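Descriptive structure summary
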Amino acid sequence: MTATPSAIRPDFLSNPEKLHFIDGQWQPSLTGESLQTFNPATGKVLATVARGRQQDVDVAVAAARRAFEGSWSRFTPHERYALMLRVCDVIERNFDELALLDTLDMGAPLSRTKAMKDGLIKTIMYFASQAMSWSGSTIPNSLSGNYTTLTLKAPVGVIGGITPWNAPLISMWWIMGGALATGCTAVIKPAEDASLTTLRTAELLVEAGVPAGVINVVTGYGNEAGAALAAHMGVDRIAFTGSTVTGREIIKASAGNMKRIQLELGGKSPDIVFADANLDKAVPGAAMGVYNNSGQICSAGTRIFVQRSIQEEFVSRLVDFTKSIKTGDPFEPGVQLGPLVSKRQLDRVMSYMSIGVEDGARMAIGGNRLEGELAEGYFVAPTVFDSVRNDMRIAREEIFGPVASVIPFDTAEEALRLANDTEYGLGGAVWTTNVSTMSKMIHGIKAGKLWVNCYGLADAAVGFSGYKQSGYGIKGGAQHVEGFLYEKSVCINGD
Ligand code: NAD
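Residues numbered from 1 in each chain as written. Predicted model: local features only at pLDDT ≥ 70, side-chain atom pairs only at ≥ 80, totals over all residues. Heavy atoms only, no water.

1. Regarding the packing of aromatic side chains
- Overall, the coordinates contain eight aromatic pairs when judged by the stated rule.
- Their ring planes at 75° and their centres at 5.2 Å tell us that F274 and F409 sit as a pair that is edge-to-face. Linking F274 in the loop between β12 (270-273) and α10 (279-291) with F409 in strand β16 (residues 403-409), this pair joins segments that are 135 residues apart in sequence.
- Overall, the relative accessible area of 5% leaves F274 in the buried class. (Phe/Tyr/Trp six-rings, centres within 6.5 Å; stacked < 30°, edge-to-face > 60°. Helix = DSSP H or I, 4+ residues; strand = E, 2+ residues; numbered from the N terminus. Buried < 20%, exposed > 50% of the residue type's maximum accessible area, 1.4 Å probe, protein only.)

2. With respect to unusual backbone geometry
- Despite not being glycine, F400 has its phi angle at roughly 60°, a positive value.
- Here F400 lies in the loop between α13 (393-396) and β16.

3. Brief notes about the pairing of strand β11 (residues 260-264)
- Among the five residues of β11, four are classified as buried, and the element is accordingly described as predominantly covered.
- Two elements, strand β10 (residues 237-241) and β11, share five bridges in a ladder whose sense is parallel. Counted as the bridge partner of A239 is Q262 from β11.
- Taking the sense of rotation as the criterion, the β-α-β connection linking β10, helix α9 (residues 244-253) and β11 turns out right-handed. (Pairing = 2+ DSSP bridges. Right-handed = clockwise from strand over helix to strand, strands pointing away.)

4. Concerning the environment of E487
- Along the polypeptide, E487 turns up in strand β19 (residues 485-493).
- Taking the C-alpha atoms as reference, E487 lies 5.7 Å from L152; in sequence the two are 335 residues apart.
- Dropping the residues within four chain positions of it, E487 is found in contact with T151, L152 and K153. (Contact = heavy atoms within 4.5 Å.)

5. A short note on the sheet that holds strand β17 (residues 427-431)
- With mixed pairing, the seven strands of this open sheet are ordered in space as β14-β15-β16-β13-β12-β17-β18. The sheet is open, and its two edges are formed by β14 (362-365) and β18 (449-452), each paired on a single side. Averaged over all pairs of adjacent strands, the angle between strand axes in this sheet comes to 20°, irrespective of strand direction.
- Note that β17 and β18 share four bridges and pair parallel. Bridging across to β18, A429 finds its partner in W451.
- Sitting on the sheet, helix α11 (residues 311-324) is in contact with β12, β13 (303-307), β14, β15 (383-386) and β16, with an inclination near 50° to β14. (Axes fitted to C-alpha atoms, helices over the stretch in contact; angles between N-to-C directions.)

6. Describing the UniProt feature "active site" (unreviewed entry) in the protein chain
- When the UniProt feature table is mapped onto this chain numbering, "active site" (unreviewed entry) sits at E264.
- Relative to the elements of secondary structure, E264 occurs in strand β11.
- Since its relative accessible area comes to 5%, E264 is described here as buried.
- Apart from the residues within four sequence positions on either side, E264 is in contact with F240, T241, G242, C298, L426, K449, F464, S470 and K475. (UniProt positions renumbered as here; feature names shortened; annotations may be inferred.)

7. Digging into the packing of helix α3 (residues 95-106) against helix α7 (residues 196-208)
- Relative to each other, α3 and α7 sit at 160°, their axes nearing to 8 Å. Compared by their axis directions, α3 and α7 come out roughly antiparallel. For α3 against α7, the interelement crossing comes out right-handed. Here E97, L98, L101, D102 and D105 of α3 come into contact with α7, specifically with L196, T197, R200, T201 and L204.
- Residue composition of the contact of α3 with α7, grouped by class: four nonpolar, two polar and four charged. (Parallel < 35°, antiparallel > 145°, perpendicular 65-115°, else oblique. Left-handed = near helix turned anticlockwise from the far one by under 90°. Nonpolar A, V, L, I, M, F, W, Y, C, P; charged D, E, K, R; others polar.)

8. Description of the site of the ligand
- Around the ligand, the structure places 26 residues, and the nearest of them are W165, K189, E192, R344 and E398.
- The separation between an oxygen atom of the ligand and a polar side-chain atom of K189 is 2.7 Å.
- For the ligand, an oxygen atom lies 2.7 Å from a polar atom in the side chain of E398.
- Taking 800 Å² as the accessible area of the ligand by itself, protein coverage stands at 90%.
- Looking at side-chain class alone, the shell around the ligand contains eleven nonpolar, nine polar and six charged residues.
- There are two domains that each give the shell around the ligand at least three residues, and those are domain 1 (6-265 + 470-489) and domain 2 (270-459). (Near = heavy atom within 4 Å. Polar contact = N/O pair within 3.5 Å; in protein donor to acceptor, adjacent residues only side chain to side chain. Areas by Shrake-Rupley, 256 points an atom, 1.4 Å probe, with all protein chains shown as cover. Domains from an automatic or database assignment.)

9. Let's talk about the sheet that holds strand β5 (residues 44-50)
- Pairing is mixed across the open sheet formed by three strands, whose spatial order is β1-β5-β4. Two strands bound the open sheet, and with one partner strand each, they are β1 (17-18) and β4 (34-39).
- Direction of pairing for β1 relative to β5: parallel, over a ladder of two bridges. Bridge pairing links K18 to V49 in β5.
- Each of β4 and β5 is contacted by α3, which is oriented at about 95° to β4, the strand it contacts most.
- Sheet contacts for α7: β1, β4 and β5; angle to β5, the most-contacted strand, approximately 50°.

10. Some points on the side chain of T113
- Counting through the fold element by element, T113 comes out in helix α4 (residues 110-115).
- Residues within four places of T113 in sequence aside, it is in contact with F95, A99, D102, T103, A108 and L169.

11. Quick word on the nonpolar core
- Judged by nonpolar contacts, the single largest core of 44 residues is most densely connected at I91, W173, L180 and I215.
- Secondary-structure elements contributing two or more residues to this core are α2 (77-93), α3, α5 (117-131), α6 (168-182), β8 (185-189) and α7.
- Looking at this core element by element, the count peaks at nine residues for α6.
- Leaving out residues up to four positions away in the same chain, L180 has contacts with W72, R80, M84, W173, V210, V214 and I215.
- V349, Y352, I355 and A412 belong to the second-largest nonpolar core, a separate cluster that totals 30 residues. (Core = buried A, V, L, I, M, F, W, Y, C linked by side-chain atoms within 4.5 Å.)

12. Some details on the environment of M233
- Take M233: it is sitting in the loop between α8 (222-231) and β10.
- Taking C-alpha positions, M233 is 29 Å from C298, a pair spaced 65 residues apart along the chain.
- Each residue touching M233, except ones within four places of it in the same chain, is listed here: G256 and N257.

13. A short note on the domain arrangement of the protein chain
- Segmentation of the protein chain into domains returns domain 1 (6-265 + 470-489) and domain 2 (270-459).
- The straight-line distance from the C-alpha centre of domain 1 to that of domain 2 is 30 Å.
- Contacts between the two partners involve 24 residues from domain 1, matched on the other side by 26 residues from domain 2.
- Across the interface of domain 1 and domain 2, roughly 2,100 Å² is buried in total on both sides, 57% from carbon and sulfur atoms.
- On the surface where domain 1 and domain 2 come into contact, there are one salt bridge.
- Between E264 and K449 there is a salt bridge whose closest N-O contact spans 3.5 Å.
- For the interface between domain 1 and domain 2, the tally reads nine residue pairs in polar contact (both at pLDDT 80 or more).
- Breaking the side of domain 1 that touches domain 2 down by element, the ones donating at least two residues are α3 and α4.
- Among the elements that make up the side of domain 1 that touches domain 2, the one with the highest residue count is α3 (five residues). (Buried area = accessible area lost by both parts, 1.4 Å probe. Salt bridge = Lys/Arg side-chain N within 4 Å of Asp/Glu carboxyl O.)

Put into structure tokens, the structure is as follows:
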């Protein structure tokens, strides 16, 4: 087991007692409390982070408010744009350290976290471009008299960002990118299982010239620091990615001062494979649509609907592909899947192995923890359940592990009905060579992100919103940035 060899431990961890990052300074919790974060590949403590509570959130929100009202409010669009380009440069130069931190803290293979560089840099560049792009408009009106009507945009103020552990490196940028592009400020509460990348990024932003207090990080538990942020009367907008259960709590907590909210929540996304699909692409594509990041992706295509005439062949090829996947030490070259993030997540995923079998699904491969050298880590073998019914718990509940459910169907109409028979609507895909089938599916699937003959690709310039209980508010694209802005209408009497 080569995880966390001392030679590649980043400098940031040479002091493993991490504090909050507030107003450009490292600050301990006012109670002095901390919590431990673990390396999921070894089960060993990696670092401690400050355990934030209400009073720490109060301090961070006050710092964010001061920054919002202060010099940051006088930055011109071009100054914010130029600053974001400098930020991009600093992140690019320090990217390897950030990728290492993510791998150590949440377990994704280093090959995966390093491969995120291109997407991350393009995301920051996209938001930088938006700093120069948003504007109001002049609108012809039908008023009687000499009136000019126009709209102005203005930053909403202090953003509360609550992020998950499954992709810390990129999750925080959906918040920071929007905040920096619009002149908002933010307090970010990263997930307690993986806070390190967010803390280091906040420090790097100050090095790049972002004024102190613009981006603050309070670490801690969701029901303490997270709940305090969601309810805080000094926070104007909440951006949240995580579970649907927590999303509901955030909606309730935010009611006090009518916060704007953007939520990206859970999913149980359908991945539909028709008999005419190119199986050389569909099998690995659908498999990695579930297994990537060890299944810890909100839009993972966990329900693989397969046309009955190819079910046997598809499952046999899926099992063969699954056998070829290398799961293990995230630092080992060639490893495709690392551990799950935590013991809690491991227990949750393993519980679904027995639930699937008890409900009558056939386990075609997997279902076990990895043994030997990896036994101390939270490793689960990629798993295929075959002959799953859409009403089974493994097809209805978000497992958040490398567990695929193959569900047979006969007609396109049946595939659509089953695909949409879920409380979620985050992602979905179709594999077909027939353009009419493709068209029927992309119009019919009730989900925010759709893929045709591919799975999981994303670009910051392309917006989506979850259907049903997968959340609300547009994420990505110019409308994402609009979410950080108020719109004012102005009527000018020209007489
Ligand atoms: P979670 O929703 O509990 O946590 C996400 C974030 O919300 C974390 O920062 C957490 O500290 C915070 N949080 C928790 N309770 C809160 C509260 N009451 N008020 C404010 N913030 C709170 O998710 P999790 O525990 O990390 O994972 C549980 C399940 O959520 C997973 O098994 C998976 O199904 C789902 N999940 C979805 C996504 C996604 O991208 N949609 C990401 C992570 C987890």
